[in-house]
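Descriptive structure summary
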Amino acid sequence: RENVIHLCNPHLEKMKEDILYHFALGTGTHDFPALFGDVKFVCVGGSPSRMKAFIAYIAEELGLGSPGGDYPNICAGTDRYAMYKVGPVLSVSHGMGIPSISIMLHELIKLLYHAKCSNITIIRIGTSGGIGLEPGSVVITRQSVDATFKPQFEQVVLGKTVIRSTNLDEQLAKELMQCSKEIGQFNTVIGNTMCTLDFYEGQGRLDGAICLYNEEEKLRYLKEAYDSGVRNIEMESSVFAAMCNLSGVKAAVVCVTLLNRLEGDQISSSHDVLVEYQQRPQKLVGYFIKKSLGKV
């Protein structure tokens, strides 16, 4: 069954041209169906270099392109985001935090719509702080919750507060969990992900420039989060889930934990260990894509 992108904006139909400013792309200058019409999987992550590494990895896994080949940045006309493509896979960076990923998603969803893409799966791959998990564990998000543990994304639109659901595709989460079991290389759990507006105070850290609470209060808060089902903390999943829901896109969030926040605040693992941790979400999602395409 064809599942097409749904745009919640009737004004777009009246526009002669749609300029995706932060991608340096536009319907008047680019043939979106020719460039992107075959896309079925979109993977997004914070860092441009990580998303370039992901496209090289998936190209090798799918047997597309030449080994060690270079993949040009489709958004080279801007320094805001980076975008790479190989076969049916699109890899896009989104920066840090809700505002940055929100801007990217508005333009990405329109890009997929203009390209007439269907049956799209979008997966955010990234890093996070774990709660009650060994560093290096991978969390597949069941629900994104806010800093009060509610499964919702709150935004002010025209001066009024709008609340949107942050549920993610349950079946997709189960499929990803099954893939991790088949890989059998690292601990993976399904749990809630807390999405905050900040890396320091918003996540209860004691090591920021400003901190007006004590360690006991911090630990009490993190244990409350754990008891509510939260297993990791990051800064993009809520708006990601909300926007994918509104657009009718199947979506998942897969993040590795770089530390256990119940044991500290600073990321102190060696560079090599962190690099290996960061490869775990891409291994899991790469395996999922291969399996979906019948290449496992």
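Residues numbered from 1 in each chain as written. Predicted model: local features only at pLDDT ≥ 70, side-chain atom pairs only at ≥ 80, totals over all residues. Heavy atoms only, no water.

As recorded in UniProt, the feature "binding site: substrate" (unreviewed entry) lies at Gln203 and Arg205. Along the chain, glutamine 203 turns up in the loop between strand E10 (188-195) and helix H5 (215-227). In this structure glutamine 203 touches Thr196, Asp198, Leu222, Ile233, Glu234, Met235 and Arg261, once residues within four positions along its chain are discounted. By relative accessible area, which is 2% here, arginine 205 ends up buried. In this view, arginine 205 contacts Phe199, Tyr200, Cys211, Tyr213, Leu259, Arg261 and Asp265; residues no more than four positions away in its chain are not counted. Of note is the side chain of arginine 205, whose polar atom sits 2.9 Å from the backbone oxygen of phenylalanine 199. (UniProt positions renumbered as here; feature names shortened; annotations may be inferred. Helix = DSSP H or I, 4+ residues; strand = E, 2+ residues; numbered from the N terminus. Contact = heavy atoms within 4.5 Å. Buried < 20%, exposed > 50% of the residue type's maximum accessible area, 1.4 Å probe, protein only. Polar contact = N/O pair within 3.5 Å; in protein donor to acceptor, adjacent residues only side chain to side chain.)

Turning our eyes to something else, we now look at the pattern of salt bridges. In a structure, side chains of opposite charge can pair up when their charged atoms sit close to one another. Scanning the model with the defined rule gives 12 salt bridges in all. Here glutamate 61 and lysine 290 are joined by a salt bridge, their closest N and O atoms 3.3 Å apart. Taken as a pair, glutamate 61 in helix H2 (residues 48-62) and lysine 290 in helix H7 (residues 271-292) lie far apart in primary sequence, 229 residues in all. The exposure class assigned to lysine 290 is buried, which follows from its relative accessible area of 18%. (Salt bridge = Lys/Arg side-chain N within 4 Å of Asp/Glu carboxyl O.)

Scanning the entire structure with this criterion turns up one cavity of 30 Å³ or more. In this model, the largest cavity occupies a volume close to 50 Å³. Residue lining of the largest cavity: Arg50, Ile125, Gly126, Thr127, Gln278, Pro281 and Gln282, and that is the complete set. At the level of elements, strand E6 (121-130) and H7 are the ones that each hand at least two residues to the lining of the largest cavity. Per-class residue counts for the lining of the largest cavity are two nonpolar, four polar and one charged. (1 Å grid on protein atoms, 1.4 Å probe; cavity = no way out; pocket = protein on both sides within 12 Å on 5 of 7 lines; lining within 4 Å. Points joined across faces, edges and corners; volume = space filled by probe spheres on them. Nonpolar A, V, L, I, M, F, W, Y, C, P; charged D, E, K, R; others polar.)

This paragraph deals with the environment of asparagine 3. Relative to the helices and strands, asparagine 3 is located in the segment before strand E1 (19-20). Here asparagine 3 falls in the partly exposed class, since its relative accessible area comes to 31%. Taking C-alpha positions, asparagine 3 is 7.8 Å from glycine 248, a pair spaced 245 residues apart along the chain. The contacts of asparagine 3, once residues within four sequence positions are left out, are Ser118, Asn119, Ile120 and Gly248.

With that out of the way, let us pick up the side chain of arginine 124. For arginine 124, the location among the structural elements is in strand E6. One polar contact links arginine 124 to glutamate 236, side chain to side chain, over a distance of 3.0 Å. If we ignore the near neighbours within four places in the chain, the residues touching arginine 124 are Val44, Gly46, His94, Ile101, Glu234, Glu236, Phe240, Ala252, Val253, Val254 and Cys255.

On to helix H4 (residues 170-183), then. Compared with an ideal rise of 1.5 Å per residue, which puts 14 residues at 20 Å, H4 spans 20 Å between its outermost C-alpha atoms and is within 8% of the ideal. The secondary structure elements touched by the buried residues of H4 are E6, strand E7 (138-145), E10, strand E12 (250-260) and H7. Measuring from the side-chain oxygen of the N-cap residue of H4 to the backbone nitrogen of glutamine 171 gives 3.2 Å; that N-cap residue is aspartate 169. At the exit of H4 stands glycine 184, carrying a positive phi of roughly 65°. (Expected span 1.5 Å × (residues − 1).)

Glancing now at the pairing of strand E5 (residues 89-93). Most of E5 sits out of view: five of its five residues are buried. The alternating pattern of E5 places Val89, Ser91 and Ser93 and Leu90 and Val92 on opposite faces, both of which are buried. Sheet analysis places strand E3 (residues 41-45) next to E5, joined by five bridges and oriented parallel. Bridge pairing in E5 places glycine 45 opposite serine 93. The sheet contact formed by strand E4 (residues 83-86) and E5 spans four bridges and is antiparallel. If you follow methionine 83 over to E5, its bridge partner there is valine 92. Here E4 hands over to E5 after two residues, with glycine 87 in that stretch at a positive phi of 55°. (Pairing = 2+ DSSP bridges.)

This part is about the packing of H4 against H7. The angle between the axes and the distance between the axes are what describe a pair of packed helices. H7 packs onto H4 with a crossing angle of 105° between their chain directions and a minimal axis gap of 9 Å. Regarding the angle of H4 to H7, the classification is roughly perpendicular. Contacts from Leu172, Glu175, Leu176, Gln178, Cys179, Ser180, Glu182 and Ile183 of H4 reach H7 at Lys283, Leu284, Tyr287, Phe288 and Lys291. (Axes fitted to C-alpha atoms, helices over the stretch in contact; angles between N-to-C directions. Parallel < 35°, antiparallel > 145°, perpendicular 65-115°, else oblique.)

Here we take up the nonpolar core. With 41 residues, the main nonpolar core has Phe23, Val42, Leu108, Leu111, Leu112 and Phe240 as its most contacted residues. Contributions of two or more residues to this core are made by helix H1 (32-36), E3, E5, helix H3 (98-114), helix H6 (237-246) and E12. With eight residues, H3 is the largest single contributor of residues to this core. If we ignore the near neighbours within four places in the chain, the residues touching leucine 108 are Phe23, Val42, Val44, Leu90, Val92 and Ile122. Listed in part, the 36 residues of the second largest apolar core include Val138, Ile183, Val256 and Tyr277. (Core = buried A, V, L, I, M, F, W, Y, C linked by side-chain atoms within 4.5 Å.)

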